[in-house]
Structure formats: C-alpha cells, structure tokens
Amino acid sequence: MEHRQSTMEGMVIMINNFYNGKKVLVTGHTGFKGTWLCKMLYDMGADVVGYALTPPTQPSLYELSGIDNHIKSYIADIRDYETLMSVFEKEKPEIVFHLAAQPIVRDSYKDPLYTYETNVMGTVNVCECIRKTDCVRSFLNVTTDKVYENCDTNVAFTEDMPLDGYDPYSNSKSCSELVTHSYKKSFFDKSNISVSTARAGNVIGGGDFANDRLIPDCVRAAMKNEDIIIRNPYSTRPFQHVLEPLSVYMTIAEKQYHNPEIQGYYNVGPDECDCRTTGDLATMFCNAWGNGLKWINVCEENAPHEASFLRLNTDKIKSIFGWKPVWNVEKAVEKTVEWTKVFESNGNIADIMTKQIKDFLRTGA
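Rules used in this analysis
- Residues numbered from 1 in each chain as written.
- Predicted model: local features only at pLDDT ≥ 70, side-chain atom pairs only at ≥ 80, totals over all residues.
- Heavy atoms only, no water.
- Pairing = 2+ DSSP bridges.
- Helix = DSSP H or I, 4+ residues; strand = E, 2+ residues; numbered from the N terminus.
- Axes fitted to C-alpha atoms, helices over the stretch in contact; angles between N-to-C directions.
- Contact = heavy atoms within 4.5 Å.
- Core = buried A, V, L, I, M, F, W, Y, C linked by side-chain atoms within 4.5 Å.
- Buried < 20%, exposed > 50% of the residue type's maximum accessible area, 1.4 Å probe, protein only.

*Asks:* Which parts of the structure should I look at to understand the sheet that holds strand β1 (residues 23-27)?
*Replies:* Pairing between the strands of a sheet comes from backbone hydrogen bonds, and it takes one of two forms, parallel or antiparallel. Overall, parallel pairing links the seven strands, which are arranged β3-β2-β1-β4-β5-β6-β10 in an open sheet. Bordering the open sheet on either side are β3 (72-75) and β10 (265-268), each of which pairs with just one other strand. Averaged over all pairs of adjacent strands, the angle between their axes in this sheet comes to 15°, without regard to strand direction. Bridge count for strand β6 (residues 194-200) against β10 is four bridges, and the pairing is parallel. Considered in β10, the bridge of Ala-198 is made with Tyr-266.

*Asks:* Explain the sheet that holds strand β7 (residues 202-204) here, please?
*Replies:* Strand order in the open sheet made by the three strands is β7-β9-β11, with mixed pairing throughout. The two strands at the open ends of the sheet, each matched to only one other strand, are β7 and β11 (275-277). Neighbour to neighbour, the strand axes of the sheet diverge by 50° on average, direction disregarded. With three bridges connecting them, β7 and strand β9 (residues 236-241) associate as parallel partners. When the bridges of β9 are listed, Val-203 appears paired with Gln-240. Sitting on the sheet, helix α10 (residues 278-289) touches β7, β9 and β11, and the angle it makes with β11 is about 85°.

*Asks:* It is not clear to me how the nonpolar core should be interpreted in this structure. Could you clarify?
*Replies:* Nonpolar side chains in soluble globular proteins tend to be buried together. One finds Tyr-19, Trp-36, Leu-41, Phe-97 and Trp-339 to be the most contacted residues of the largest nonpolar core, which totals 52 residues. Sorting elements by how many residues they give to this core places helix α9 (residues 243-258) first, with eight residues. Setting aside its immediate chain neighbours within four residues, Trp-339 contacts Trp-36, Leu-61, Leu-64, Gly-206, Gly-207, Phe-209, Ile-349, Ile-352, Met-353 and Gln-356.

Purely geometric numbers; function is a separate question.
Encoded structure:
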C-alpha cells in the first residue's frame, strides 16, 4: 500500500503526523469501533491492516463506510493462531490495536465457551505473535469498564481496583487484561515493546447495529416509527461518543511508542456529569430524533444479571496525557442521530464519518 498525505492535514492535532505512513494492525476491524478506528487511521495517512471475522451485523458500518477499499483486510478468526502469525510475519506492523472480541454481555450467557475462547485465547494469540516477531513497537489491548469487581457500591473505579467481571463477557475481558499484564512482565518489559490496556466506557455513535445495545435499539425503533423498549431505565453507564476512546487509544499508542515510561492501564470514560441512566439517554435520543418518538419501560422477568451502576475514574489519563472529553453525552447523541439521518436517506456514509471526525478533532484541538 503506497503512502498518502493525511486528509486531516492542516488540523491542530498531535496524532496526525505520527500515523502518516505507519503500518498499523487493527484486530476486530470489521466491527463498529474497529471500522471507526480504521477510518481515523486511514484519514491520517496510516497503512492499515485489518484482521477479523466478517462484519457481525447486517447492515454493517464496515461495508457502508467503504473502508475495505482503502485498507488491507484479512477475514479470519482471532482464535486461529497460525493464520494470525502469518499476517504478522507478512505485514510486519509497528503498532497493534487489539479490538477483536465477542462484545455482547447477553451473548456471553448464551455461549460462554466461544466468549472465553475469543476474548482470552484471542488475546493470548495476539501477544504470542508480538512476542515471536520483532516488528511491533507499540501494542494496545482494548478491554472494557466491566473488567472490575462490581459490588454496586456506586464508587467510580480506579485502575488499581480488583479485576473480576461478573458475567462471562466481563470476566473474559478481565482475563484478557491479566494475560496482557503477564506477557508484559514476562516478555515485553525485556524488549523494545510498549504495552498498555484501555478500559473504555459504553460507546455510542453512528453505525452501531448490534443487538441488545441501547442506541441501536433506539435507531431501529425510530426508523420503524415504533416506541423504544427500555429494559433497565435506571441503570447508570459511562456513555461517550465512539470517537472519544478511539482518539485516546491512538494517543496512548503514539506516546508509548516514543516513551515506554507512560505505558500502563488506563480508564477511558466521560466526566461524572455524563454518567447517565439508560432512561436519560433514551430521552435524549427521542428529543434529538423528534417526530414524537418516545420510550417505554418494559420489565423483563428472569433477565441475566447486569450491574446497575458503572462509572470510571479517569484522573490518571487526564494527569498523564492532559486529556479531557471533547463531546458531552448530549452532543454524542446529536452526532449519532446526525449520522443515522444520513444513513436513513441513503447518503454518503464515508463523507459523514470524515465530517464527524474533523468536527471532533477541531473541537478538541
């Protein structure tokens, strides 16, 4: 893939020049977050290589965005160590973002074996490929705010709190963290490889079509002109636009590439005022969408356990990187609706993604 000038040229953003011409591997690139990350990296001039299964939803942001025409894509299973290793050996990435996962809490109750195989052994496979090749300089494993032992005490989690997710998804991501910590201490600290993990809150944004997620459920109901069904309107979550954590991931990977002393374990979430209930978020969506859209509370009997309160303390990442959130939760919902209206009208998805990325970076500059 030939090098290109960044399409973000001229914008005041520290990560632009760094990624221009860098070979970057993104696992899970066909998913919601993975597609947005590939789009950001590509627009900033990176040579992007993706490794993932086929898109997990129909429709899919990956296909709508057209990013497949601009990156090198390997459709394969993260559990397939031999194939993954062959990609590392052939592509020789300098930077690796590990996003491949089974990401749905309810699906993890249905198939815990697949969830653990993907989320734990997938991480082992990525770490082993990095260990056995000499190309990677910076590695970021993306996990979740749900890795912590959550006793519903309404306390914001800090990075030094115990890891012990409750359900198979959350627990498998706790294990993914521990795998990464072990490889770092056992192997990567002795090499020239910087390693961090990022524990992000609940992300929203245009192009998420997953089942059992609040905003995609809102979008589906709105486009059918139906009431939105909410199961747990009083559950509090750290909602943030998808571009918030992605920009942080890219910053961590860049900074530790130059300075291994900043590698570590980071919470990535909104300010406390944006940790809102699911009912609040649904109301914001209804207001932004208009057309008399409303939501109703439908109590679900025998529902699987989900924590009622999640909030992240982000003092560490703010102190080390001088970071602060760019869009509050209301703006995040507005941007999600803006994207969805373009999708609904069969508009240009690549263009609205580029526009929103530029808007985000200009605001945060």
